[in-house]
Amino acid sequence: MNSQPTRRALPRMRRKQMLTKNRAASFWNGVRMRTLAASPDPDEPPRMVTVPADWDQDAGAAFAAMAPGTGRASLADASMLWVGPLADHPQASHGLATRLLDLLLRRAAAPLPAVWHGLRGSAPGFVLNLAAFAQPEGGLEIDDFVQACETLAEAMHLLQPSGQTPCSLLLSNLDACLAALGLDYDSDPARAVAACLCALATTAMHPHSVPSRPGASAGSVPPASPVPGLTRFALARWQEAALRGRRSGRSPTHELLPETGPIETGLTAPGHALASWTDALLGVEACGAAPLFSPLRPDGRLAASTLARLAARGMSPEAALAASLAGNPVVAIAGPAATETMHRAITPFLDRAPEAPTEVQAPMRAAAGGGRRELPARRSGFTQKATVGGHAIYLRTGEYEDGRLGELSIAPARGSPVQRGLLEAVSQAVSLGLQHGVPLESYVETFAYARLGPGGAVEGDEAVGSATSTLDYVFRTLAHAYLGRSLPDQPQNAVPAEEPDDALLPLDLPRETHRPSGPRRRHGLRLVG
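Criteria and thresholds
- Residues numbered from 1 in each chain as written.
- Predicted model: local features only at pLDDT ≥ 70, side-chain atom pairs only at ≥ 80, totals over all residues.
- Heavy atoms only, no water.
- pLDDT = per-residue confidence, 0-100.
- Contact = heavy atoms within 4.5 Å.
- Helix = DSSP H or I, 4+ residues; strand = E, 2+ residues; numbered from the N terminus.
- Buried < 20%, exposed > 50% of the residue type's maximum accessible area, 1.4 Å probe, protein only.
- Polar contact = N/O pair within 3.5 Å; in protein donor to acceptor, adjacent residues only side chain to side chain.
- Pairing = 2+ DSSP bridges.
- Axes fitted to C-alpha atoms, helices over the stretch in contact; angles between N-to-C directions.

Novice: Got a sec to walk through the confidence of the model for the protein? Specific residues and values, please.
Specialist: Across the protein, the average pLDDT comes to 79, with 77% of residues at or above 70. The low-confidence segment residues 214-218, where pLDDT is below 50, has one contact with residues more than four positions distant or belonging to other chains. A low-confidence stretch, residues 251-260 stays under pLDDT 50, and its non-local contacts, those more than four residues away or across chains, total 25 contacts.

The following block contains the structure:
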């Protein structure tokens, strides 16, 4: 009798092998694990989650937000809820589940929340971390990238074999990928690499046609890039897919396997709330094709992308700091114009891309001389650490030569990606307004005593005793520092709630307006049938 297991039994054996864990050493699939308390919302109680030991607190919070249930959660158990059915699928290719787990553990790709929760009727989607395929010394791992795209395409086909809603492969962390390759975001080589990567991802999703949308130039092909072999490989696959599409008359939304839904390639975006958790899980520095807006991490250390760009220039962090203090910043921060140019370069090679950002034309009171007043390259200001209701935040300011406030940065020490994104957006919007001449008084009047997010006692800053929210604290301490105004902890026109004369009587018993003469009658309860 043949002792070899059948093909049907092989996936189950692999699944059993993948689930095997050395609990004494806390390993899973050869990766050391750790258990930590994490919460996506600082106001909610933390959840105990077991994740790889090298994942940070933000990744743990993101997993706590996406893992099914409300109690303890383990990455090994939660991932098998969607990897397990793929391992048992009779049409799955050999090693599909192993490849998916490998992408997840090295933070190269992860599914959107709908896949984690197994929601039927919801189109499955994955986020692909482009920076995971770029090595500072080894260059771009092209074959690994294409295999990852094809693995995710197969997984989405099998997870929803009869869906009509388009599945999504969302690319993210482009600028960190370019930094690992030693490329500046606002450069022609960087845009060429980005276009080639998008083309490879799109042809992996539907290899028998190429995107065709209004606004895309006819005959768009991947441009020449400085990465060896990238353009040749991307161009060959793109032209082959275009040729097959012309021969078959198929469009990218109807060329997939029979009885399967289409797959669209796109980018993660700040407004994509579901993708933001997956971005945090993967350690994304900047979502989608957006540039990095700061060379620092939220904790004040240099970001991995900044270290990569400094290494490409042969500079140490100390030398870069000295150059910046001398007025010669080494790492350039891309603006809206560079982002718009990048979007134009990659849009022809994606099925769906968010609208490119444009320069904000704000109807504000113009600064002296008209237009935007630029801050000096070397500027003063202060950094303030404070705690509002037990939640630590960092406030940084930048000043003009005359001491006026020109920019600010609000960063929570810990918090969800949504909270950090909102505070960063407020910081950038206010900074832009200040540089266009909007007086600080207007922002103070708008945000003082705002009730948004956690509030309570303020520690670490004597200017404010308590605050109704983070924004309330920030703009009241700015008023104290730059306007010389010490606003009270409660607004002057606040009307205190009327306190009742007496405590609430039990069972709402009537009060006695007068006490009759004679012995006092004792109230009692009477049972009525």
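The structure having been displayed, the exposition proceeds.
Novice: Let's hear about the side chain of Thr-306: which residues, and what values?
Specialist: Take Thr-306: it is sitting in helix α11 (residues 304-312). Accessibility expressed as a relative area gives 4% for Thr-306, which makes it buried. Looking at Thr-306, its side chain comes within polar contact range of the main-chain oxygen of Pro-295, at 2.7 Å. Setting aside residues no more than four positions away along its own chain, Thr-306 makes contact with Pro-295 and Val-331.

Novice: Can you tell me about the sheet that holds strand β16 (residues 466-467), naming the residues and giving the values?
Specialist: The pairing of strands in a sheet comes from backbone hydrogen bonds and takes either a parallel or an antiparallel form. Across the sheet, which stays open at both edges, the five strands sit in the order β14-β13-β12-β15-β16 with antiparallel pairing between neighbours. Looking at the sheet topology across the chains shown, the edges are occupied by β14 (405-412) and β16. As paired strands, strand β12 (residues 383-388) and strand β15 (residues 456-459) are joined by two bridges and run antiparallel to one another. Bridge pairing links Val-388 to Val-458 in β15. Most of the contacts of helix α16 (residues 470-483) go to strand β13 (residues 391-399), to which it runs at about 40 degrees, and overall it touches β12, β13, β14, β15 and β16.

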